[in-house]
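Each chain, letter by letter, is given below.
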Amino acid sequence: MKEVPSPCISVCQYDSQGVCFGCRRTIDEAGNWSKFTNEEKEAIVKELSLRRNADGEEPTIFLR
């Protein structure tokens, strides 16, 4: 079975609720991604489109 890919888009900043602004995973989901089974990863990916970041919060953008 093919491995479920990480939904990471390299934004990796979290709101006050611990939800990533980029991929919408929680801190625990992102940190433990490689430990989850494909079934667990698929379940997480299905939930991501339903998640929202905390109202009024936005990622900090660093310009170089």
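One can find the structure itself at the top, above this paragraph.
No experiment lies behind these values; they were computed from the predicted model shown.

**Q** Help me understand the overall build of the protein chain, please; the structure alone is not making it clear to me.
**A** Each helix and strand in the protein chain was counted, giving two helices and zero strands. Each of the three principal axes of the protein chain carries a C-alpha extent, and together these read 40 × 25 × 15 Å. The buried share of the protein chain, taken over its 64 residues, is 28%. Contacts in the protein chain between residues far apart in sequence, at least 24 positions, make up 51% of those at least 6 positions apart. A total accessible area of about 4900 Å² is found for the protein chain, and carbon and sulfur atoms account for 53% of it. Both charge centroids of the protein chain, one from 9 positive and one from 11 negative side chains, sit 6 Å from each other.

**Q** What should I look at first to understand helix 2 (residues 38-48) in this one?
**A** Counting along an α-helix, one turn takes 3.6 residues, and residues three or four places apart therefore face a common direction. Listed in full, the buried residues belonging to helix 2 are Asn38, Lys41, Ile44 and Leu48. When helix 2 is viewed along its axis, its buried side chains cluster within an angular range of 120 degrees and face the same direction.

**Q** When you look at the environment of Lys2 in this model, what are you seeing that I'm missing?
**A** Position of Lys2 relative to the elements: it lies in the segment before helix 1 (27-31). Look at Lys2 and you get exposed, because its relative accessible area is 74%. Distance from Lys2 to Ala43, taken between C-alpha atoms, is 15 Å for residues 41 residues apart in sequence.

Cut-off values and rules
- Residues numbered from 1 in each chain as written.
- Predicted model: local features only at pLDDT ≥ 70, side-chain atom pairs only at ≥ 80, totals over all residues.
- Heavy atoms only, no water.
- Helix = DSSP H or I, 4+ residues; strand = E, 2+ residues; numbered from the N terminus.
- Buried < 20%, exposed > 50% of the residue type's maximum accessible area, 1.4 Å probe, protein only.
- Contact = heavy atoms within 4.5 Å.
- Areas by Shrake-Rupley, 256 points an atom, 1.4 Å probe, with all protein chains shown as cover.
- Lys, Arg positive; Asp, Glu negative; His and termini not counted.
- Charge placed at Lys NZ, Arg CZ, Asp CG, Glu CD.
- Arc of directions from axis to C-beta.

Distances and angles like these do not, on their own, reveal function.
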